[in-house]
Structure formats: structure tokens, C-alpha cells
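Residues per chain are reported as follows:
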Amino acid sequence: MIKSADELARMAESGRLLASVFGLIDQMPLIGMSTLEVNDRVERFIREDLKSRPASLGQYGFEYVLNSSVNDVICHGIPSAKDILSDGDIVNFDITLEKNGYIADSSKTYLVGTVATPARRLVRTTYEALWKGIRAVRPGATLGDIGHAIERHAKQGGYSIVRDFCGHGIGREMHEEPSVLHFGKPGTGLRLRPGMTFTIEPMVNEGKRSSYTEDDGWTVRTEDGKLSAQFEHTVAVTERGVDVLTLRPEEAHLVKEAARRAG
């Protein structure tokens, strides 16, 4: 689970490139676009502009470069030409990218057009929960510290944490050890050491945490039909705290805040 300095540098490059993919999506109008159209634009950008490999394509038999999870879809939504994004939707795009043998993984939930206040609040709270988890990462901390920080913030907002899916180690493979739960007790679980790399990717539901998988074998929805949101970053444990490998430019101030809290 421990990466060398060279491996961390390669992962940081993959993360930087992946962050630029979300910069591309940020510029898309989204309203009236199909999720398949977003998928295809992202694939061209990764292959042609970034000279990289879309790592999700072909993984476990998946046929697309991203997951597109709209409204009550928790995760693993399949892009489709029939799935047209409408004013008021929320949609999570989960994307992986491999460059020079190392993979980065990140996701972001977008507000499409004018979104109702309850949905905006859910998305905001989920993003805050992600950063609560990131700020808990430092040498000597535990995975339970991360999960506790995330779950506590979500519950304070009146939401539930999905327990059927979790973060994971990452590097040459998309899914490595350890599993990173988004709930837990402080001081429990694996103790963090410099050089560990993994994803933190809380899925937060407006209603109950229970879910079901559609007949396609991929799409996971909330059982009660209420909204779900998700954000994800790939992080590395450093000697002094945490490095967010998939950091987007607009998030630089959040890293400074995390460093300040780490002391």
C-alpha cells in the first residue's frame, strides 16, 4: 500500500490531468445534453488532448469512460443517449484516468440549471463531508477517523451515508487495499502511514441509506426514490498531512485550510 516518491509523482500527474477533465465539463451547458454526449466528449479529451487512457472503459466489462448518476441514482449510472439532462437535475460524473501506468479517480456532482434549495443543500453538505474526511488524513490517524468525520457531518445535516459502497486504495490498479468506509469510530481501523494512496468518495442520501441495483447490473438507486449526491478525490498521506492528487484549481484554498488544521 506504500508508494515510492516516483510512484507518487506519477499518480500526481494522473490526478492533475483528471482534474482538467472536470474543467472541461465545467464549461459544458449540460441542460439538454445527453449523458452519453458528455461521456463521448470526455473520452475524446482524455485520449486526444491528454494522451491518456480512460481507465473505467472495459473495467469489469463496463463499456463507457464515466459513470453518470442522475438525481436518485447513487452510483454506477450508465451513460445513455436517452438520458437527457434537464433544468433542476443533479448529476454526478465519476471518472478515472491512467497515465504512465498509474490511475487517478475523482467525481463531482453538478447542479444543472436552476436547482431547488433542498437539492442544493444536499450537494453542498456532501461536498463538505468529503472535505471533513480529507482533513482527517494524516500520519497516525486511522480510517475510522475519516469515516467518523464524514458520517457525523452528513448526519448533522439530516442525511444518511450509503454503506454498501466505499472508497479504496488506488495506484497501478483502480481498486487496491484498503477499503475506505465513510462511517466509523475514531481511533479504529487501519493506521495511516506516509505513502498510502486511496480515494475518499462519500455518497450521501436525502432519505434512507438503503439502495437497490437495477437489472442492468450497474445502476444503483435509492430505495425510497429520494436524491443522492457524491464527491470523490484521490489522496496521498504525506509526512505532514495529506496531498489531494485530483485537486481542482478552485479548491486550492481548501488545501490551505486542511494544512492549517493539521498544524
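Look a little higher up for the structure.
The model shown is predicted, which means the values in this text are computed figures rather than measured ones.

Participant: Which residues make up the sheet that holds strand β6 (residues 160-161), and what values go with them?
Facilitator: Spatial strand order, β6-β10-β13: three strands in an open sheet with antiparallel pairing. Edge positions in the open sheet fall to β6 and β13 (228-230), since each of these has one partner strand only. The pairing of strand β10 (residues 203-205) with β13 spans three bridges and is classified as antiparallel. In the strand pairing of β13, Asn-205 is matched with Ser-228.

Participant: Residues and numbers for the sheet that holds strand β3 (residues 73-75), please.
Facilitator: Strand pairing in a sheet is mediated by backbone hydrogen bonds. Such pairs are either parallel or antiparallel. One open sheet holds the three strands; their spatial order is β3-β12-β11, and the pairing between them is antiparallel. The sheet terminates laterally at β3 and β11 (211-213), the two strands that pair on one side only. Going across the sheet, the axis of each strand differs from the next one's by a mean of 40°, ignoring polarity. Pairing analysis gives two bridges linking β3 to strand β12 (residues 220-222), with the strands arranged antiparallel. Counted as the bridge partner of Cys-75 is Val-220 from β12.

Participant: Describe the pattern of salt bridges, naming the residues involved and giving the relevant values.
Facilitator: It is possible for side chains bearing opposite charge to pair when their charged atoms get close. Per the stated rule, a full pass over the model turns up 15 salt bridges. Where Lys-108 meets Glu-250, a salt bridge forms, and the shortest distance between an N and an O atom there is 3.9 Å. Of this pair, Lys-108 sits in strand β5 (residues 102-111) while Glu-250 is found in the loop between β15 (242-244) and α5 (252-262), placing the two residues 142 residues apart along the sequence. Here Glu-250 falls in the partly exposed class, since its relative accessible area comes to 42%. When the shortest N-O distance is used, the salt bridge between Arg-163 and Glu-151 registers 3.0 Å. Of this pair, Arg-163 sits in the loop between β6 and β7 (167-169) while Glu-151 is found in helix α4 (residues 143-156), placing the two residues 12 residues apart along the sequence. What you see here is one network of salt bridges that share partners, running through Asp-26, Lys-108, Arg-248, Glu-250 and Glu-251.

Participant: Go over the packing of helix α1 (residues 5-26) against helix α2 (residues 35-49) with me, naming the residues and quoting the values.
Facilitator: Following both chains from N to C, one finds α1 and α2 inclined at 140°, their axes separated by 10 Å at the closest point. Relative to α2, α1 is oriented oblique. Where α1 crosses over α2, the two elements pack in a sense that is right-handed. Here Ser-20, Val-21, Leu-24 and Ile-25 of α1 lie close against α2, whose contacting residues are Arg-41, Val-42, Phe-45 and Ile-46. For the contact of α1 with α2, the per-class residue count stands at six nonpolar, one polar and one charged.

Definitions and cut-offs
- Residues numbered from 1 in each chain as written.
- Predicted model: local features only at pLDDT ≥ 70, side-chain atom pairs only at ≥ 80, totals over all residues.
- Heavy atoms only, no water.
- Pairing = 2+ DSSP bridges.
- Helix = DSSP H or I, 4+ residues; strand = E, 2+ residues; numbered from the N terminus.
- Axes fitted to C-alpha atoms, helices over the stretch in contact; angles between N-to-C directions.
- Salt bridge = Lys/Arg side-chain N within 4 Å of Asp/Glu carboxyl O.
- Buried < 20%, exposed > 50% of the residue type's maximum accessible area, 1.4 Å probe, protein only.
- Parallel < 35°, antiparallel > 145°, perpendicular 65-115°, else oblique.
- Left-handed = near helix turned anticlockwise from the far one by under 90°.
- Contact = heavy atoms within 4.5 Å.
- Nonpolar A, V, L, I, M, F, W, Y, C, P; charged D, E, K, R; others polar.

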